[in-house]
Amino acid sequence: MSSSASSKKSKRQTNGIKLATVSSWIQKYDKNKTWLDYELETAGIVNKISCKLCTKYENKINGSRNFNRAFIVGTTGSALKADNLRKHIISDPHIKAVQYENKIGIPAIDIIRKAPIFQSFSGAEEETRERVSKLFDIAYTCKRGNFIF
Ligand SMILES: [Zn+2]
């Protein structure tokens, strides 16, 4: 049996995901296209997702609890999951970045509360909901404390 070369040359292959999948996530989690950014590996395949807002406000949010640079350097490979997007947009640093972005006008918290993601938590288990609302409280407190202009 001679099966020498063929399977060896796929070293460039990553765990990219379909652009169609990413588009459906944008519909769900970033309908107004404010934060989600992605990089194409090849036509129709996305290999990296990052957050425009967290990147933009990194210097302001990097002192937040649970701050990490995953969505600033960009998530790749097996981290490209809807679940990670959900976790990101309810994370303390991201909520702050959204608030910085929306510093003029309606309090960001209202926008967040209206977002489908927040509503989709109505079906989530108690513990998650509690955690989420706590995060919102924290964000709201920061806002009231004039953390944000
Ligand atoms: Zn973010």
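Residues numbered from 1 in each chain as written. Predicted model: local features only at pLDDT ≥ 70, side-chain atom pairs only at ≥ 80, totals over all residues.

In terms of regular secondary structure, the chain is built from 9 helices and 3 strands. Going through the 149 residues of the chain one by one, you find that 20% of them count as buried. Taking the contacts inside the chain whose residues are at least 6 apart along the sequence as the reference set, 63% of them involve residues at least 24 apart. (Helix = DSSP H or I, 4+ residues; strand = E, 2+ residues; numbered from the N terminus. Buried ≥ 20, exposed ≤ 12 C-beta atoms within 10 Å, placed from the backbone. Contact = placed C-beta atoms within 7 Å.)

The buried count for helix α6 (residues 92-101) comes to 7 of 10 residues, which makes it a mostly enclosed element. Looking at α6, one finds that the buried residues are Pro93, His94, Ile95, Lys96, Ala97, Val98 and Gln99.

Okay, the nonpolar core next. Most often, soluble globular proteins have nonpolar side chains that are buried together. Counting 11 residues, the largest nonpolar core consists of Trp35, Cys51, Leu53, Cys54, Tyr57, Ile61, Phe71, Ile72, Ile95, Ala97 and Val98. For this core, the elements supplying multiple residues, two or more each, are α2 (52-56), α4 (70-73) and α6. Looking at which element gives the most residues to this core, the answer is α6, with 3 residues. Not counting the four nearest positions on each side in its chain, Ala97 is found in contact with Leu53, Cys54, Tyr57 and Ile61. With 8 residues, the next largest nonpolar core counts Trp25, Ile49, Leu85 and Ile90 among its residues. (Core = buried A, V, L, I, M, F, W, Y, C linked by C-beta atoms within 7 Å.)

Before going further, it helps to spend a moment on the pairing of strand β2 (residues 36-42). Sheet analysis places β2 next to strand β3 (residues 45-51), joined by 6 bridges and oriented antiparallel. The residue of β3 that forms the bridge with Asp37 is Ser50. In this structure, the hairpin formed by β2 and β3 is closed by a connection of 2 residues, where Gly44 is found at a positive phi of approximately 85°. (Pairing = 2+ DSSP bridges.)

Below, the discussion takes up the pairing of β3. When a strand is regular, its side chains alternate between the sheet's two faces. The pairing of strand β1 (residues 17-18) with β3 spans 2 bridges and is antiparallel. When the sheet's bridge partners are listed, Ile17 is paired in β3 with Val46.

A word on the sheet that holds β1. The 3 strands are arranged β1-β3-β2 in an open sheet whose pairing can be described as antiparallel. In this open sheet, the two strands that pair with only one neighbour each are β1 and β2.

With that settled, consider the confidence of the model for the chain. Here the chain averages 80 in pLDDT, and 61% of its residues register 70 or above. This stretch, residues 1-10, has a pLDDT under 50; its non-local contacts, to residues over four places away or in other chains, come to 0 contacts. (pLDDT = per-residue confidence, 0-100.)

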